[in-house]
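A closer look at the structure
The lines below spell out each chain.
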Amino acid sequence: MRGHIGAVGAVVALVLVGTAGTAGCTAEPAGRSAAPARSEGAAGPAAGAPAPPRMPSAPDLPGWAHSPGFAADGSGFTLLARCVEDEAQPENSFCRQHVAVLDKGAARWELRRSPLPEVRGTHGVSAEITVLGPGRALIQEGSEEHPLRTWFTRDGGRSWTKGEGRPAGTVAAIPAGGALTLACAQPPGASVDDCALRQLLVISPEDGKFRALARGPQLGSHMRPADVAEPDGSWWASGVDPVSKRPAVAVSRDAGRSWATSVLPSPPTTNPWGVSVAVGPDAVYAAEMGELTGGEPVKNPMRALHRSLDGGRTWKRMWTTTSTDEPRTLLGLPVPGPGGRVTIHGEAGAYTSMDGGSTFRPAGARLGHVNRTPMGLLRQPGSGCEYGISADGVRWTQVRLACSAES
């Protein structure tokens with residue numbers, strides 16, 4: 001669940017990557033499609049389960065890829081940054097920014113003109129791209145000079161329109177291709193993290209503008225929405241029940257016109273971190289985030305995992321995190337699969353349960369942050385250039401983007 005970049009500041013901060021003896025940048029080649037993307041197999045997918053999406057790799061894209069996203073038709077965007085560091089005079093360092101686009105049905109990614117400026121000195125890179133449907137995307141710049149500046153494209157990155165991330169009116173519903181984000185309503189101008197009243201905003205796929213959603217869920221000042229809808233069309237948000245002060249989630253099944261709230265079976269909380277919700281083929285999972293008591297300190301602590309078998313109306317607490325047993329952390333979303341299968345990608349590796357989250361076993365050391373896109377689940381690497389895309393939470397297609405920086 002993502003906050004408004006204009007309010008929370010930098011979303012991506014890339015460390016400048018040194019290139020010995022480099023005095024400048026030469027022309028960059030377009031990304032070439034390598035061998036077909038590899039499929040990461042898993043035994044026993046459910047009969048009739050969707051196959052992993054087919055996706056070309058582009059290891060020769062320049063620099064580092066960040067903030068990739070995909071539309072439901074398989075088209076996509078990713079931001080790129082190629083950085084040069086001058087260790088003797090850091091102020092001479094710079095990052096050249098690019099946008100790569102995968103058109104629907106295309107066999108290769110193409111470099112398109114980036115509206116983002118070259119970043120000088122030691123500022124690093126701070127930008128985020130949100131895919132709003134086929135050929136449509138919004139870049140939120142988030143730099144110190146332009147914290148609210150945005151760039152919108154409706155033609156696959158061939159042209160960009162400059163805008164601002166300030167709310168421009170109100171909408172009754174979330175349109176197809178739209179996305180959700182947050183701004184601070186009170187006090188005006190405060191960051192989302194320091195906000196007394198959060199405002200739910202819709203990013204329009206028609207013009208890339210932000211508009212307030214007329215009726216949001218009643219989840220107190222700590223509300224956090226999911227960026228996009230789940231596969232069944234439902235929209236989710238988390239926060240705190242104003243009466244019981246316990247962690248709660250809300251779901252809308254009519255594109256944000258109305259919301260139904262349910263309270264999770266957890267004690268009251270005074271410092272909520274949010275809840276990550278993922279809808280699977282036979283259950284909904286809600287991972288409650290927050291500080292842990294005892295054990296090794298971690299950056300992304302998961303307090304508990306809850307499961308609902310009735311679409312989020314009622315919940316059962318399946319896993320309570322201890323000071324020793326893994327999983328203790330979560331990077332992004334829980335990954336639901338068929339037949340009570342759910343996988344947690346954490347700081348110590350991945351762990352899979354076959355009984356709805358009651359027990360877990362190690363599922364490999366692969367690290368990755370998982371988020372939802374309209375095309376499927378996207379697993380982004382903690383380091384390296386291999387991404388994973390899955391439609392069923394079991395089988396993954398491996399896609400390599402911008403791998404030259406690794407060498």
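All of the points below concern the structure found in this document. Throughout, residues of each chain are indexed from 1 in the direction in which the sequence is written. Only residues with pLDDT of at least 70 get local features here, since the model is predicted, and only at 80 or more are side-chain atom pairs given and counted; chain-wide, interface and lining totals rely on the full set of residues. Computation of side-chain values covers all heavy atoms of the structure but excludes hydrogens and water.

Focus: the packing of aromatic side chains
Where two aromatic rings form a pair, the distance of their centres and the angle of their planes describe that pair. Two aromatic rings from Phe, Tyr or Trp, using only the six-membered ring of Trp, form a pair when their centres are within 6.5 Å; if the ring planes differ by under 30 degrees the pair is stacked, by over 60 it is edge-to-face, and anything between is tilted. Applying the stated criterion to the full structure yields three aromatic pairs. Between Phe-70 and Trp-109, the aromatic rings sit 6.0 Å apart at their centres with planes inclined by 75°, giving edge-to-face as the arrangement. With Phe-70 in strand 2 (residues 64-70) and Trp-109 in the loop between strand 4 (94-102) and strand 5 (110-112), the pair connects residues that are 39 residues apart, well separated along the chain. Under the scheme applied here, a residue whose accessible area is under 20% of the maximum for its type counts as buried, over 50% as exposed, and between as partly exposed, the area being computed with a 1.4 Å probe on protein chains only. Judged by its relative accessible area of 3%, Phe-70 falls in the buried class. Each ring, one from Trp-319 and one from Phe-360, has its centre 5.2 Å from the other, and the planes form 80°; the classification is edge-to-face. Per the convention used, a helix needs a DSSP run of H or I reaching at least four residues, while a strand needs a run of E reaching at least two, with both numbered from the N terminus.

A word on the pattern of salt bridges
In the sections that follow, a salt bridge refers to a side-chain nitrogen of Lys or Arg positioned within 4 Å of a carboxyl oxygen of Asp or Glu. Within the structure shown, the criterion is met by 12 salt bridges. Here Glu-110 makes a salt bridge to Arg-108, at a shortest N to O gap of 2.9 Å. Sharing partners across several salt bridges, the network here consists of Asp-103, Arg-112 and Arg-158.

Notes on the sheet that holds strand 15 (residues 224-225)
Pairing between strands is defined by DSSP: at least two bridges between them are needed. Overall, antiparallel pairing links the four strands, which are arranged 15-16-17-18 in an open sheet. Looking at which strands have only one partner, the edges of the open sheet turn out to be strand 15 and strand 18 (260-263). Relative to strand 16 (residues 235-240), strand 15 runs antiparallel, the two sharing two bridges. Bridging from a neighbouring strand, Pro-225 pairs with Ala-237 of strand 16.

Remarks on the side chain of Ser-238
Note on placement: Ser-238 falls in strand 16. Its relative accessible area of 0% is what places Ser-238 among the buried residues. From its side chain, Ser-238 meets the backbone nitrogen of Val-275 in a polar contact 3.0 Å long. Any pair of nitrogen or oxygen atoms within 3.5 Å is treated as a polar contact; in protein, a donor-acceptor pairing is required on top of that, and neighbouring residues in sequence qualify only through side-chain atoms on both sides.

Some remarks on the pairing of strand 2
Taking burial as the measure, the seven residues of strand 2 include six buried ones, the bulk of the element. Two elements, strand 2 and strand 3 (residues 76-84), share five bridges in a ladder whose sense is antiparallel. Bridging across to strand 3, His-66 finds its partner in Leu-79. Between strand 2 and strand 3, which pair antiparallel and follow one another directly, the connecting turn spans five residues, one of which, Gly-74, has a positive phi of 95°.

Some thoughts on the pairing of strand 21 (residues 302-308)
Buried residues dominate strand 21, accounting for six of its seven residues. Relative to strand 21, strand 20 (residues 284-289) runs antiparallel, the two sharing six bridges. Counterpart to Met-289 in the pairing with strand 21 is Met-302. Across four bridges, strand 21 lies against strand 22 (residues 316-320) in antiparallel orientation. Bridged to His-306 within strand 22 is Arg-317.

Such coordinate-based values are descriptive only and should not be taken to indicate function.
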